[in-house]
Amino acid sequence: MTDMRPILFFDSGVGGLSVLGPTRALLPRAPFVYVADSAGFPYGTKSEEEIAARVPALLGRLAERYHPRLIVIACNTASTIALAAVRTALDLPIVGTVPAIKPAAAISVTRAIGVLGTDATVRQPYVDDLTARFAGDCLVLRHGSAELVMLAEAKLRGAATDPARYAAVLDGLLGQPGGERIDTVVLACTHFPLVEAELSAAAAKAGGRTIHFVDGGAGIARRIAALTQGQQWPEDPGEGRAIFTRADADIVALMPALADYGLSRLEPF
Ligand code: DGL
C-alpha cells in the first residue's frame, strides 16, 4: 500500500508558503496539506497565553483529521511560544520555525544583526536564548511589525502595496541606535520572505545599502527531508490541499498564489 500520509504545514495565514516552497522543491513527491488558521489570524498581536492555548489544541484536531507523517509549524510566533507543548502533546515529528539568528551571525561582517519578526516573537525568551548562544559577539536589534504581515497577505491577494510602507517598517529596525551598522536582517516571521524583494528595494533606497536577508526556509526543508529520509512517497502526490479555519472572501483572491505553491484544492475546515 502506498504511503499517502501528507506533510502538514501550519501557519496563521499565508506565511508558511515561504517554508512550503523550498520543501516542495526538495520533496516533489510529498503530499502536502496547508492549514492557515485564519480564524486566529494574526498571531503576532496575541498574548503568549492565547497562542499557547490555541495552537496545541488545533494541531491535535488537525493531526486526527489528516494523519500527517510530520507537522511543520511554519510560523515563528507559534513555534517560539508553543513548540515544546505541541511536541509533548503529539506523538509524531514536529518541525518548528525559529528565528535564523545562527546563520545570520555566521555571515554578518559588521557583527550587527537585525531581527524582524512579529511583536510576539521578538519579545520571546527563545530569541534571547538564540542570541546568547549564536550571536554573543554581535549587536542584535529587534523590531516587531504587524504591518509587514498585512503587507505580505495583501501582496499574495494580488493587491498593490505602497513601497513607503516597507521603508517605514525597515526604518523601525535600522533607525535604532547602532542600526546603521546592521548588514544582515533575520526575517523572523514566515510572512516576511514573501516580501523580501520589497524590503531589499526599500533598503537600497534608504542610503544605497545592501542588506542580506536571512530566513529559515531552506534549512527547514533540509530538516524535513532528513526526517523523512527512507520513507515511501506516492508516484503521484496529487494536488496540495489548502484549509482555512475561517472561510471569507479573501480566500478567493489568494487562490492564484496558492496554486503557485501547488495548493489548488481548497477544503472546508
Ligand atoms: N507567520 C507568522 C510568523 O511566522 C505570524 C504572522 C501573524 O499571524 O502575526 O510569526
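Along each chain, residue indices are assigned from 1 in the same order as the chain's sequence is written. Only residues with pLDDT of at least 70 get local features here, since the model is predicted, and only at 80 or more are side-chain atom pairs given and counted; chain-wide, interface and lining totals rely on the full set of residues. Values shown for side chains rest on all heavy atoms present in the structure; no hydrogens or waters enter the calculation.

**Q** I tried to follow the packing of helix H2 (residues 48-66) against helix H3 (residues 76-89) on my own but got confused; where do I start?
**A** For any two helices packed against each other, one specifies the inter-axial angle together with the distance between the axes. Running from N to C, H2 and H3 point in directions that differ by 55 degrees, and their axes come no closer than 9 Å. For the element pair H2 / H3, the angle class is oblique. Considering only the axes of H2 and H3, their crossing is right-handed. Side by side, H2 and H3 meet where Glu48, Ile51, Ala52, Val55, Pro56 and Leu59 of the first sit next to Thr77, Ala78, Ile81, Ala82, Ala85 and Val86 of the second. Residues are grouped as follows: Ala, Val, Leu, Ile, Met, Phe, Trp, Tyr, Cys and Pro are nonpolar; Asp, Glu, Lys and Arg are charged; every other residue, Gly included, is polar. Considering only residue class, the contact of H2 with H3 consists of 10 nonpolar, 1 polar and 1 charged. For helices, the fitted line uses only the C-alpha atoms of the stretch in contact; every axis is such a line through C-alpha atoms, and the angle between N-to-C directions lies from 0 to 180 degrees. Only runs of H or I of at least four residues qualify as helices and only runs of E of at least two qualify as strands under DSSP, and these elements are numbered from the N terminus. Any angle from 65 to 115 degrees is called roughly perpendicular, while one under 35 is roughly parallel, one over 145 is roughly antiparallel, and all others are oblique. By definition, turning the near helix anticlockwise from the far helix through less than a right angle yields a left-handed crossing, and turning it clockwise yields a right-handed one. Between two residues, a contact is recorded if the distance between any of their heavy atoms is within 4.5 Å.

**Q** How should I be thinking about the site of the ligand in this particular structure?
**A** The local shell around the ligand holds 14 residues, among which Ser12, Tyr43, Asn76, Thr77 and His191 are the closest. By the criterion applied in these results, polar contacts are pairs of N or O atoms within 3.5 Å in which, for protein atoms, one can donate a hydrogen and the other can accept it, and in which residues neighboring in sequence qualify only through two side-chain atoms. One of the backbone N or O atoms of Gly44 is found 2.8 Å from an oxygen atom in the ligand. Between the ligand and Asn76 there is a distance of 2.8 Å, counted from an oxygen atom to a backbone nitrogen or oxygen. Areas reported as accessible are Shrake-Rupley estimates using a 1.4 Å probe. Residue values count occlusion only from the protein chains shown. Burial of the ligand by the protein amounts to 99% of the accessible area it has alone, namely 300 Å². Of the residues in the shell around the ligand, the class split is 6 nonpolar, 7 polar and 1 charged. When at least one non-hydrogen atom of a residue lies within 4 Å of a molecule or strand, that residue is treated as near it.

**Q** Got a minute to help me understand the packing of aromatic side chains in this structure?
**A** Any two aromatic rings considered together are summarised by their centre-to-centre distance and by the angle between their planes. In summary, the pairing rule links any two rings of Phe, Tyr or Trp, Trp by its six-membered ring, whose centres are within 6.5 Å, and it sorts them by plane angle into stacked for under 30 degrees, edge-to-face for over 60 and tilted for everything else. In total, this model carries 2 aromatic pairs according to the counting rule given. A ring pair is formed by Phe9 and Phe32, whose centres lie 5.7 Å apart and whose planes are at 70 degrees; its orientation type is edge-to-face. Taken together, the residues span a long stretch of sequence, with Phe9 in strand E1 (residues 7-11) and Phe32 in strand E2 (residues 32-36) at a distance of 23 residues. Residues Phe9 and Phe32 agree in their burial class; the two are buried. Centre to centre, the rings of Phe10 and Tyr43 are 6.4 Å apart; their planes meet at 45 degrees, and the pair counts as tilted. With Phe10 in strand E1 and Tyr43 in the loop between E2 and H2, the pair connects residues that are 33 residues apart, well separated along the chain. Residue burial is assigned from relative accessible area. The probe radius is 1.4 Å, only protein chains are included, and a residue is buried under 20% of its type maximum, exposed over 50%, and partly exposed in between. Residue classification places Phe10 among the buried residues on the basis of a relative accessible area of 0%. Whether a charge lies above a ring is judged from NZ of Lys or CZ of Arg, which has to be within 6 Å of the ring centre and within 35 degrees of the ring normal. For the cation-ring pair, Arg65 lies above Phe269, with the distance from its terminal atom to the ring centre recorded as 5.1 Å.

**Q** What's the story with the sheet that holds strand E10 (residues 263-267) in this structure? I'm lost.
**A** As a general point, the strands of a sheet are linked pairwise by backbone hydrogen bonds and lie either parallel or antiparallel. When DSSP finds two or more bridges between a pair of strands, those strands are recorded as paired. Pairing in this open sheet of 6 strands is parallel, and the strands run E4-E3-E1-E2-E9-E10 from one edge to the other. Unpaired on one side and paired on the other, strand E4 (94-95) and E10 mark the two borders of the sheet. Note: E1 against strand E3 (residues 70-73), 4 bridges, orientation parallel. Paired with Ile7 across the strands is Leu70, a residue of E3. Strands in contact with H2 are E1, E2, E3, strand E9 (240-244) and E10; relative to E1, the strand with the most contacts, it is inclined by about 155 degrees.

**Q** When you look at the nonpolar core in this model, what are you seeing that I'm missing?
**A** The nonpolar side chains of soluble globular proteins are, as a tendency, buried together. Joining through side-chain atoms within 4.5 Å is the link that ties buried Ala, Val, Leu, Ile, Met, Phe, Trp, Tyr and Cys residues into a set, and such a set is a nonpolar core. Ile7, Phe9, Leu17, Val72 and Ile224 are the most contacted members of the largest nonpolar core, which totals 27 residues. Sorting the residues of this core by element identifies E1, helix H1 (17-26), E2, E3, helix H10 (217-227), E9 and helix H11 (250-260) as the ones contributing at least two each. By residue number, the principal contributor to this core is H11, which donates 4 residues. Formed by 25 residues, the second largest nonpolar core is a distinct cluster that contains Phe10, Tyr66, Cys75 and Val86.

**Q** Where do I start with the sheet that holds strand E5 (residues 112-117) in this structure?
**A** Sheet architecture is open: 4 strands sit in the order E6-E5-E7-E8, paired in parallel fashion. At either end of the open sheet lies a strand with only one pairing partner, and these are strand E6 (139-144) and strand E8 (212-214). Direction aside, neighbouring strands of the sheet carry axes that sit 25 degrees apart on average. Where helix H9 (residues 196-205) meets the sheet, it contacts E5, strand E7 (184-187) and E8, and its direction lies at approximately 150 degrees from that of E8.

**Q** I'm lost on the pairing of E1 in this one. Help?
**A** As a general feature of sheets, a regular strand has side chains that alternate between the two faces. Of all 5 residues making up E1, 5 are buried, and the element is well covered by its neighbours. Where burial is concerned, the two faces of E1 agree: the one with Ile7, Phe9 and Asp11 and the one with Leu8 and Phe10 are both buried. Of the strand pairs in this sheet, E1 and E2 are connected by 5 bridges, and their pairing is parallel. Along E2, the bridge assignment pairs Phe9 with Tyr34. When the strands point away from the viewer and the path from the first strand over the helix to the second turns clockwise, the crossover is right-handed. In this fold, E1 hands off to H1, which returns the chain to E2; that crossover is right-handed.

**Q** Is there a simple way to think about the pattern of salt bridges in this case?
**A** Note on definitions: salt bridges are taken to be side-chain nitrogens of Lys or Arg within 4 Å of carboxyl oxygens of Asp or Glu. In the structure shown here, the tally under the stated rule is 14 salt bridges. Between Asp128 and Arg142 there is a salt bridge, with its nearest N and O atoms 2.6 Å apart. Within this pair, whereas Asp128 is found in helix H6 (residues 125-134), its partner Arg142 is found in strand E6, the two being separated by 14 residues in sequence. A relative accessible area of 39% places Asp128 in the partly exposed class. When the shortest N-O distance is used, the salt bridge between Arg133 and Asp129 registers 3.4 Å. Taken together, the positions of Arg133 and Asp129, both in helix H6 and 4 residues apart, correspond to about one turn of that helix. On the basis of relative accessibility, which here comes to 38%, the residue Asp129 falls in the partly exposed class. When salt bridges that share partners are traced, they join Asp3, Arg5 and Arg69 into one network.

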